[in-house]
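Given next are the chains, with one letter for each unit.
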Amino acid sequence: MSAAAERVVQTKEKKPFYFLKWAKSRKGQQTIIIVAFMFIPLLLLFTFTYFPFGEMFKFSFYKMKYIGPRKFVGLENYIQVFKRDDCFGALKLSLYYIGGAMVQLAIALYLATILSFKVKGGSIFKGFMFFPYLISGIAIGFIFKFFYTRGFVFDTVLQWCGFELENLPYWLKDQSINNISLVATSVWRYFGQNMVLFIGAIMSVDAELYEAAELDGANRFQQFRYIILPSIKTIVTLNVILSITGSLSAFEPPYVITSGANGTGTYFVIMNEIAHVSQKVGLASAMAIVLLVIIFIATILQKLFFKYAMRDAEDENTVAGLRREKKLERYRNRRRKGRVTG
């Protein structure tokens, strides 16, 4: 290397870095904006989500109230969660809500399939059925509290249908029916939301697939089975996961309508009582961690189930994709021939 070239290299290496100059440059401003946009959301996420979660996880190892001394008890709170009937036993009530969620999804999928085709007054029906989702959960609780009260709306309607009031159960007191009554309120509120999500997914299906299926003689059920359901598999899986995880954390209907009385106290209602009435903060934190683990496990199991149950219907299935392409090609050929003949 010549002496002149060495001087040029040394000059480049010794060039000082000026932060203000760099910050005013295009590259510097891009970097600062990117970091600022990342830093603020991450700071808010850490402050309001991860930090409180970390504190709650720490509290789960202590015997403590909101105010006062703390005593480290190790895993004792977690053992109590599984030993106490009012804690882990309350999760059994989630089975009612999971069953209701399945009914809710079936109704939503059925109505979405019908309304995705041209139906008179379809937009009005969609609006009516989606409207309950817009109402506050607390307001819905008060509505159904009076709806189910003895001698009020529901009993009156049933009397119009010929039922005797003496033969009707107490919808919110009778332990054989009160949880089903509460689940019905949840179904009423959320099935419209599921329906709208399903309709959005169904509307994205290629219309040529329906026309090709009709030419091949497929009826509506076969179109649903072999076209609609495989095409909306992702949104079905998402709705099932959200519905089941929501069922495990049901809170508003039992809290507002019955206050958890007469065997309607769900896991969240019991956790709220333990945390805010009994002030057993450590035990309530352990319950929250246990519920989080259960939701994680339930989500993984659902993903595995859908991966196995719907593997033949996956869009990524090359055989199914080729079969559909052949049908579409046949349909296009028929249309071309029809135009030429015409």
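By the naming in an unreviewed UniProt entry, the chain is Sugar ABC transporter permease, taken from Kineothrix sedimenti. UniProt lists a comment for the chain under the heading Sequence similarities (unreviewed entry), and it reads "Belongs to the binding-protein-dependent transport system permease family." In the Subcellular location (unreviewed entry) part of its UniProt record, the chain is described as follows: "Cell membrane".

Student: How should I be thinking about the overall build of the chain in this particular structure?
Tutor: Each helix and strand counted, the chain has 16 helices and two strands in total. Counting every position in the chain, which comprises 342 residues, the buried fraction comes to 35%. Taking the contacts inside the chain whose residues are at least 6 apart along the sequence as the reference set, 66% of them involve residues at least 24 apart. Put simply, the chain shows about 22,200 Å² of open surface, and 66% of that area lies on carbon and sulfur atoms.

Student: Just checking my understanding: could you explain helix α4 (residues 76–83) for this structure?
Tutor: Residues spaced three or four apart along an α-helix point in a common direction, a consequence of the helix completing one turn every 3.6 residues. Along α4, the residues classified as buried are N77, Y78 and V81. All buried residues of α4 lie within an arc of 100° about the axis, which places them on one face of the element.

Student: How should I be thinking about the nonpolar core in this particular structure?
Tutor: Side chains of nonpolar character tend, in soluble globular proteins, to be buried together. Ranked by internal contacts, the top residues of the largest apolar core, which has 25 residues, are M195, F198, I232 and V236. Listing elements by their share of this core, those giving two or more residues are α5 (94–116), α9 (178–203), α10 (207–215), α11 (220–231) and α12 (233–248). When neighbours within four sequence positions are excluded, F198 is seen to be in contact with L105, A108, L109, A112, I232, I235, V236 and N239. With 22 residues, the next largest nonpolar core counts Y78, L91, M271 and V290 among its residues.

Student: Mind showing me how you'd approach the pattern of salt bridges here?
Tutor: Think of it this way: side chains of opposite charge can pair up when their charged atoms draw near. Under the criterion given, the structure shown has three salt bridges. Close ionic contact of E55 with K58 constitutes a salt bridge, the shortest N to O distance being 3.5 Å. Here E55 and its partner K58 are both found in helix α3 (residues 26–59), three residues apart, which amounts to about one turn of the helix. For K58, a relative accessible area of 34% gives the class partly exposed. Here D86 and R84 are joined by a salt bridge, their closest N and O atoms 2.7 Å apart. Assessed through its relative accessible area of 33%, D86 is described here as partly exposed.

Student: In this structure, what is going on with unusual backbone geometry? I would like to understand it.
Tutor: Most peptide bonds take the trans form, and the phi angle of most residues other than glycine is negative. Phi is positive for N262, which is not a glycine, with a value near 55°. Topologically, N262 is positioned in the loop between α13 (252–258) and α14 (267–276). Taking relative accessible area as the criterion, N262 reaches 35% and is therefore assigned partly exposed. Unusually for a residue other than glycine, Q279 sits at a positive phi of about 60°.

Student: It is not clear to me how the UniProt feature "transmembrane region" (unreviewed entry) in the chain should be interpreted in this structure. Could you clarify?
Tutor: This chain's UniProt record puts "transmembrane region" (unreviewed entry) on residues 31–53, 95–117, 129–148, 226–245 and 281–301. As a span, residues 281–301 carries 100% helix and 0% strand, and end to end its C-alpha atoms are 30 Å apart.

Student: Can you help me understand the packing of aromatic side chains in this one?
Tutor: Each pair of aromatic rings is reported with the distance of its centres and the angle of its planes. What the rule picks out here adds up to 16 aromatic pairs. Judged by centre distance (6.3 Å) and plane angle (65°), the rings of F251 and F268 are edge-to-face. Taken together, the residues span a long stretch of sequence, with F251 in the loop between α12 and α13 and F268 in helix α14 at a distance of 17 residues. Given the relative accessible area of 25%, F251 is considered partly exposed. Grouping aromatic residues by their ring pairs yields a cluster made of F144, F147, Y148, F154, W171 and W188.

Student: Please clarify how the packing of α5 against α12 should be interpreted in this entry.
Tutor: Working note: a packed helix pair is described by the angle between its axes plus the distance between those axes. Running from N to C, α5 and α12 cross one another at 150°; their axes reach a closest spacing of 8 Å. The orientation of α5 relative to α12 falls into the category roughly antiparallel. Regarding α5 and α12, the two cross each other, and that crossing is right-handed. Each of S94, Y97, I98, A101, M102, Q104 and L105 in α5 lies in contact with α12, whose residues at this interface are N239, V240, S243, I244, S247 and L248.

Student: Hey, could you run me through the side chain of S243 in this one?
Tutor: Within the element layout of this structure, S243 appears in helix α12. By relative accessible area, S243 is classed as buried at 11%. One polar contact links the side chain of S243 to the main-chain carbonyl oxygen of N239, over a distance of 2.7 Å. Residues contacting S243, with those up to four places away along its chain left out, are A101, Q104, L105 and N194.

Student: Please explain the environment of I294 as it appears in this structure.
Tutor: On the secondary structure map, I294 appears in helix α15 (residues 281–309). Residues I294 and T245, 49 residues apart in the sequence, show an inter-C-alpha distance of 9.1 Å.

Student: What's the story with α12 in this structure? I'm lost.
Tutor: Relative to the 22 Å expected for 16 residues at 1.5 Å per residue, α12 spans 23 Å between its end C-alpha atoms, a close match to the ideal helical length. For α12, a buried count of twelve out of 16 residues is recorded, marking the element as mostly surrounded by other parts of the structure. Within the span of α12, buried status applies to K233, I235, V236, T237, N239, V240, I241, S243, I244, T245, S247 and L248.

How each quantity is defined
- Residues numbered from 1 in each chain as written.
- Predicted model: local features only at pLDDT ≥ 70, side-chain atom pairs only at ≥ 80, totals over all residues.
- Heavy atoms only, no water.
- UniProt positions renumbered as here; feature names shortened; annotations may be inferred.
- Helix = DSSP H or I, 4+ residues; strand = E, 2+ residues; numbered from the N terminus.
- Buried < 20%, exposed > 50% of the residue type's maximum accessible area, 1.4 Å probe, protein only.
- Contact = heavy atoms within 4.5 Å.
- Areas by Shrake-Rupley, 256 points an atom, 1.4 Å probe, with all protein chains shown as cover.
- Arc of directions from axis to C-beta.
- Core = buried A, V, L, I, M, F, W, Y, C linked by side-chain atoms within 4.5 Å.
- Salt bridge = Lys/Arg side-chain N within 4 Å of Asp/Glu carboxyl O.
- Phe/Tyr/Trp six-rings, centres within 6.5 Å; stacked < 30°, edge-to-face > 60°.
- Axes fitted to C-alpha atoms, helices over the stretch in contact; angles between N-to-C directions.
- Parallel < 35°, antiparallel > 145°, perpendicular 65-115°, else oblique.
- Left-handed = near helix turned anticlockwise from the far one by under 90°.
- Polar contact = N/O pair within 3.5 Å; in protein donor to acceptor, adjacent residues only side chain to side chain.
- Expected span 1.5 Å × (residues − 1).

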